[in-house]
Amino acid sequence: MDLAEFLAEWNNASDKVLVHTSGSTGEPKPLWVEKRRMEASARLTCDFLGLQPGDTALLCMPLDYIAGKMVVVRSLVRGLRLINVAPSGHPLKSLSQPPVFAAMVPMQVYNSLQTHHEREILARIKHLIIGGGAVDKALEAELRSMPGNVWSTYGMTETLSHIALRRLNGDTADDWYTPFGGVDVSIGSDGCLVIKAPMVCAATLHTHDLAEIASDGCRFRILGRKDNVIDSGGIKIRMEEIEEALHPHLAFPFMITKRCDKRLGEAVTMLAECDEESADDIRRICENVLPKYWRPKYYIFIEKLPLTATGKPARAKALDIAARM
């Protein structure tokens with residue numbers, strides 16, 4: 001979908017818009033959402049960030065998904081001037097001036113930090129929100145000294161983009177997400193986050209995100225996905241924890257998944273985007289860095305990691321790859 005197609009859909013007689021989930025835990029699913037709730041979500045973000053009419057906003061994500069659509073809706077609701085560039089891994093490459101506001105995925109931010117021109121543009125963005133995937137510790141450390149306002153977002157298609165932000169840089173950097181006004185969060189009996197955000201979603205959302213609520217009863221942090229727990233020999237291990245521990249030590253793209261194992265039930269498995277000649281080095285790093293029960297039992301070397309269209313790890317596809325090897 002291009003911008004003209006989305007604007008035509010937005011301006012038609014229907015009170016709903018068709019969006020698709022990202023597909024990070026399975027096949028993308030269609031979802032009809034109300035335009036008035038998208039407008040409410042847009043106002044929440046614009047008010048939180050203090051965006052003003054005439055501010056520029058960068059559209060650099062696909063309009064097939066909620067994140068891209070919401071950039072446009074924020075522009076319409078607040079009177080922002082939209083800068084439309086083709087979705088790519090280097091969305092700042094063609095810009096000569098920074099936008100006031102930009103929404104990017106972690107891969108785009110990481111890539112932008114690798115070249116001088118793009119890094120300069122990135123540093124001058126006044127309000128940068130990063131969503132569509134976790135911001136790892138190494139990337140967070142690089143962003144810590146950025147002069148603008150840099151935020152990690154928490155949300156999903158069902159919440160019409162994000163319902164909470166976490167500051168990544170400056171004196172107010174935080175490990176906890178702060179929900180927007182009117183959003184209530186709690187922890188369900190399964191340890192997962194429960195969201196009540198009636199202005200953007202009529203139903204209470206029971207997520208699959210393992211979470212913890214801060215002592216103030218408001219802020220929260222995400223521990224991992226319930227679906228991403230490996231039960232290995234009776235020990236429960238979160239895939240995200242292993243990945244976080246290894247990221248500073250491995251220079252190539254990788255992800256942790258699991259496969260069935262006769263002895264352990266489920267075994268930690270690494271998908272690595274490198275050649276098999278690196279196997280001994282990788283095993284040695286894992287032995288030095290990881291606790292015994294976190295070390296991968298299986299290593300699978302592939303040409304490209306499975307990712308969704310928005311750059312998230314495609315966990316369901318990773319499970320399929322591991323099961324076939």
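Going by the structure above, here's the rest.
About the cut-offs
- Residues numbered from 1 in each chain as written.
- Predicted model: local features only at pLDDT ≥ 70, side-chain atom pairs only at ≥ 80, totals over all residues.
- Heavy atoms only, no water.
- Salt bridge = Lys/Arg side-chain N within 4 Å of Asp/Glu carboxyl O.
- Helix = DSSP H or I, 4+ residues; strand = E, 2+ residues; numbered from the N terminus.
- Buried < 20%, exposed > 50% of the residue type's maximum accessible area, 1.4 Å probe, protein only.
- Pairing = 2+ DSSP bridges.
- Axes fitted to C-alpha atoms, helices over the stretch in contact; angles between N-to-C directions.
- 1 Å grid on protein atoms, 1.4 Å probe; cavity = no way out; pocket = protein on both sides within 12 Å on 5 of 7 lines; lining within 4 Å.
- Points joined across faces, edges and corners; volume = space filled by probe spheres on them.
- Nonpolar A, V, L, I, M, F, W, Y, C, P; charged D, E, K, R; others polar.
- Parallel < 35°, antiparallel > 145°, perpendicular 65-115°, else oblique.
- Left-handed = near helix turned anticlockwise from the far one by under 90°.
- Contact = heavy atoms within 4.5 Å.

1. Observations regarding the pattern of salt bridges
Move 1: The full count for this structure, using the stated rule, is 20 salt bridges.
Move 2: Note that E140 and R166 form a salt bridge whose closest N and O atoms lie 3.3 Å from each other. Residue E140 is located in helix α6 (residues 137-143), and its partner R166 is located in strand β8 (residues 161-167); the two are separated by 26 residues in the primary sequence. This pair shows no difference in class: E140 is buried, exactly as R166 is.
Move 3: For R225, the salt bridge goes to D209, with nearest N and O atoms at 3.3 Å. Placement of the pair is R225 in strand β13 (residues 220-225) and D209 in strand β12 (residues 205-213), with a sequence separation of 16 residues.
Move 4: For D209, a relative accessible area of 8% corresponds to the buried category.
Move 5: Members of the salt-bridge network, linked through shared partners, are E34, R36 and R37.

2. Observations concerning the sheet that holds β12
Move 1: Taken in spatial order, the four strands line up as β10-β11-β12-β13 in an open sheet, and their pairing is antiparallel. Taken across any chain shown, the strands that pair with only one partner, and hence form the sheet edges, are β10 (184-187) and β13. Sheet twist, expressed as the average angle between the axes of neighbouring strands with direction ignored, equals 50°.
Move 2: Alignment of strand β11 (residues 192-196) against β12, held across three bridges, turns out to be antiparallel. Following the sheet pairing, I195 is matched in β12 by L205.

3. Side note on unusual backbone geometry
Glycine aside, the phi torsion of most residues is negative, and most peptide linkages are trans.
Move 1: Even without glycine at this site, L160 takes up a positive phi of about 55°.
Move 2: Within the secondary structure, L160 is located in the loop between β7 (149-156) and β8.
Move 3: By relative accessible area, which is 1% here, L160 ends up buried.
Move 4: Positive phi, close to 80°, is recorded for S161, a residue that is not glycine.
Move 5: With respect to the helices, strands and loops of the structure, S161 is situated in strand β8.
Move 6: On the accessibility criterion, S161 (12% relative accessible area) is buried.

4. Some words on the layout of surface pockets
Move 1: For the second largest pocket, the calculated volume is near 220 Å³.
Move 2: Of the residues contributing to the lining of the second largest pocket, the split by class is five nonpolar, two polar and four charged.

5. Observations concerning empty space enclosed by the protein
Empty space left among the atoms is revealed by rolling a probe the size of a water molecule over them.
Move 1: Applying the stated criterion across every chain, the model contains one cavity of 30 Å³ or more.
Move 2: Counted as a void, the largest cavity has a volume near 30 Å³.
Move 3: Lining the largest cavity, in full, are L122, A123, I125, L128, L143, M146, G148 and V150.
Move 4: Class assignment of the residues belonging to the lining of the largest cavity gives a composition of seven nonpolar, one polar and no charged.

6. Observations regarding the packing of helix α1 (residues 3-10) against helix α3 (residues 66-78)
Move 1: Closest axis-to-axis distance for the α1/α3 pair is 11 Å, and the angle between their directions is 60°. Viewed along their axes, α1 and α3 adopt a mutual orientation that is oblique. Seen from above, α1 lies across α3 with right-handed handedness. Seen from α1, the contacting residues are L3, F6, L7, E9 and W10; seen from α3, they are K69, V72, V73 and L76.
Move 2: In terms of residue class, the contact of α1 with α3 is made up of seven nonpolar, no polar and two charged.

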